[in-house]
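What the coordinates show
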Amino acid sequence: EPERCFDSKVSFSTFQMTEESRPTRPDEICEIHQPGWFVENYANKSANGFAVEAHLHHEVTKFQTLDVYQTKSYGKLMVLDGNMQLTDAHECGYHEMIVHIPLLVHPNPENVLIVGGGDGGVMTQVLRHKCVKHAVQCDIDERVTRVSQQFFPQLTAWVGKDPRAEAIFDDGIAYVRNHPNTFDVIIVDSTDPIGPATGLFNRNFYALVKNALRAGGMVTTQGESIWHSMGVAKAMLGELIGGGFAPSRVGYYLSQVCCYPGSVWGMGFALNSPPEGPLPCLDRPHPQADATGRTAEIEAGSRFYTRRMHAGCWSLPAFAEREMSGLAFNAAVPQ
């Protein structure tokens, strides 16, 4: 059998990852191969890099290292614990897709929670939906938001200005636990499952998420790479099911984020509804979103999201369907 390009043997039930599949630690980042480059190493198997003009910021917060670079071609780059988080050019592929898929599928999302999301990009997209009455960003590391205000002001313009938005700097797990039956949509915008984000990838947390959702509510979560960390993605789906979401209501969709490993990036999805009966149409905006003009407004103002991207993002490659069969409703392999 040919060597596989991913490790599918990861389980969060033990809260540990295998050596082959865990994300890269900061001390394992590739040395810059030539002056003027930032290069991120993926478990000594591959790397991704950008030409940079300046190292704009470095600090060690209470929770992680935080760096900002000026790249030559893609704007500014944020790095946490040595892992690239976003660039000005590429953030739309992540922020728009993790937000607009669930918020447009939901008929009328009024209350939204973002767990993590300290750079402010997810909240920026959430607030584009005028039906949203209250949105909370709960990130444990305030410094990420403050640094983003300095270097990524387009992602943080809402801070202290939009009365619908609330920024809380605290433990997201505790916040979810203390708000049962509250939210229409929860978005888990976490870093990789190491450091401060470790607790956001297990069934105990997902059980709290399910309890915090209203009936018919939904959650999307940062879902790793099908090329580089299939095992992590599968474990996440298994933990969503272990947290109480019905297998027929758990899915996985794809976007494109150039600064992430392999560029193709996944997002987990779960719907808080009984397992019986057909799924709602998730591959298109809800008719109510169309009727109110919400879909057209979001599409017109987006750099990445379109109705066609919405429809296509649920289509998985054949190898991913086989690996995720039984874990995601859109990964059913024909018998």
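In this report, we go over the structure that sits alongside the text.

Attention now goes to the packing of aromatic side chains. For the coordinates displayed, the defined rule picks out 11 aromatic pairs. Judged by centre distance (5.8 Å) and plane angle (50 degrees), the ring pair of phenylalanine 205 and tyrosine 206 falls under tilted. Residue classification places phenylalanine 205 among the buried residues on the basis of a relative accessible area of 1%. On the basis of relative accessibility, which here comes to 0%, the residue tyrosine 206 falls in the buried class. Three or more aromatic residues joined by ring pairs make a cluster, and in this case those are Tyr253, Phe269, Trp314 and Phe329.

Strand order in this open sheet of seven strands is S8-S7-S6-S9-S10-S12-S11, and the pairing throughout is mixed. Here the strands that pair on one side only, and so sit at the sheet edges, are strand S8 (165-168) and strand S11 (250-256). Sheet twist, expressed as the average angle between the axes of neighbouring strands with direction ignored, equals 15 degrees. Set on the sheet, helix H1 (residues 91-105) makes contact with strand S6 (111-116), strand S9 (183-189), strand S10 (213-222), S11 and strand S12 (264-271); between it and S11 the angle comes to about 140 degrees.

Once that is clear, we can look at the nonpolar core. With 45 residues, the main nonpolar core has Leu103, Val112, Val126 and Ile187 as its most contacted residues. Mapped by element, the contributors of at least two residues to this core are strand S2 (46-60), strand S4 (76-80), H1, S6, helix H2 (121-126), S9 and S12. With nine residues, H1 is the largest single contributor of residues to this core. Sequence-distant contacts of leucine 103, that is, excluding residues within four places in its chain, are made with Pro109, Val112, Val126, His129, Val132, Val185, Ile187 and Arg294.

On to the sheet that holds strand S5 (residues 83-87), then. What holds strands together in a sheet is hydrogen bonding between their backbones, with the strands either parallel or antiparallel. Reading across from one edge, S1-S2-S3-S4-S5 is the order of the five strands in this open sheet, with antiparallel pairing throughout. Of all the strands in the sheet, the pair left with one neighbour each is strand S1 (37-42) and S5. Adjacent strand axes in the sheet meet at a mean angle of 45 degrees when their direction is disregarded. With four bridges joining them, S4 and S5 adopt antiparallel strand pairing. Following the sheet pairing, leucine 80 is matched in S5 by asparagine 83. Where helix H3 (residues 142-151) meets the sheet, its contacts fall on S2, strand S3 (65-71) and S4, and the angle it forms with S2 comes to roughly 95 degrees.

A word on helix H7 (residues 230-242). With 13 residues, H7 should cover 18 Å at 1.5 Å per step; its first-to-last C-alpha distance of 18 Å lies within 8% of that length. Of the residues making up H7, those classed as buried are Met230, Gly231, Val232, Ala233, Lys234, Ala235, Met236, Leu237, Glu239 and Leu240. For H7, the elements touching its buried residues are helix H6 (203-212), S10, S11, S12 and helix H11 (318-324). Downstream of H7 by a residue or two, glycine 244 has a phi angle that is positive, lying close to 115 degrees.

Turning to the side chain of aspartate 119, a few remarks are in order. By the secondary structure assignment, aspartate 119 is in the loop between S6 and H2. Despite being buried, aspartate 119 has no salt bridge partner; arginine 303 is the closest side chain of opposite charge, sitting 11 Å away. Within the structure, aspartate 119 has its side chain in polar contact with the side chain of histidine 95 (distance 3.3 Å). Not counting the four nearest positions on each side in its chain, aspartate 119 is found in contact with Met78, Leu86, His95, Val144, Ser148, Leu155, Thr156 and Asp189.

Where S1 meets S2, six bridges bridge the pair, whose relative direction is antiparallel. Within S2, the residue paired with phenylalanine 38 across the bridge is phenylalanine 50. The antiparallel hairpin formed by S1 and S2 contains three residues in its connecting segment, where alanine 43 sits at a positive phi of about 55 degrees. Connecting S2 to the next strand, S3, in antiparallel fashion are four residues.

What follows is about unusual backbone geometry. A positive phi is found at aspartate 81, a non-glycine position, where the angle reads about 50 degrees. Among the secondary structure elements, aspartate 81 is positioned in the loop between S4 and S5. Despite not being glycine, serine 263 shows a phi value in the positive range, around 70 degrees. Mapping serine 263 onto the fold places it in the loop between S11 and S12. Residue serine 263 is classed as partly exposed on the basis of its relative accessible area, which comes to 27%.

This part takes up the pattern of salt bridges. In the structure shown here, the tally under the stated rule is 11 salt bridges. Notably, a salt bridge pairs glutamate 91 with arginine 303, separated by 3.4 Å at the nearest N-O pair. A residue pair is termed long-range when its members are at least 10 positions apart, and glutamate 91 in helix H1 and arginine 303 in the loop between helix H9 (294-300) and helix H10 (307-312) qualify at 212 residues. Using a relative accessible area of 9% as the deciding quantity, one classes glutamate 91 as buried. Glutamate 323 is the salt-bridge partner of lysine 234, the closest N and O atoms lying 2.9 Å from each other. You can see lysine 234 sitting in helix H7 and its partner glutamate 323 sitting in helix H11, a full 89 residues away along the chain.

Quick notes on the rules
- Residues numbered from 1 in each chain as written.
- Predicted model: local features only at pLDDT ≥ 70, side-chain atom pairs only at ≥ 80, totals over all residues.
- Heavy atoms only, no water.
- Phe/Tyr/Trp six-rings, centres within 6.5 Å; stacked < 30°, edge-to-face > 60°.
- Buried < 20%, exposed > 50% of the residue type's maximum accessible area, 1.4 Å probe, protein only.
- Pairing = 2+ DSSP bridges.
- Helix = DSSP H or I, 4+ residues; strand = E, 2+ residues; numbered from the N terminus.
- Axes fitted to C-alpha atoms, helices over the stretch in contact; angles between N-to-C directions.
- Contact = heavy atoms within 4.5 Å.
- Core = buried A, V, L, I, M, F, W, Y, C linked by side-chain atoms within 4.5 Å.
- Expected span 1.5 Å × (residues − 1).
- Lys, Arg positive; Asp, Glu negative; His and termini not counted.
- Salt bridge = Lys/Arg side-chain N within 4 Å of Asp/Glu carboxyl O.
- Polar contact = N/O pair within 3.5 Å; in protein donor to acceptor, adjacent residues only side chain to side chain.

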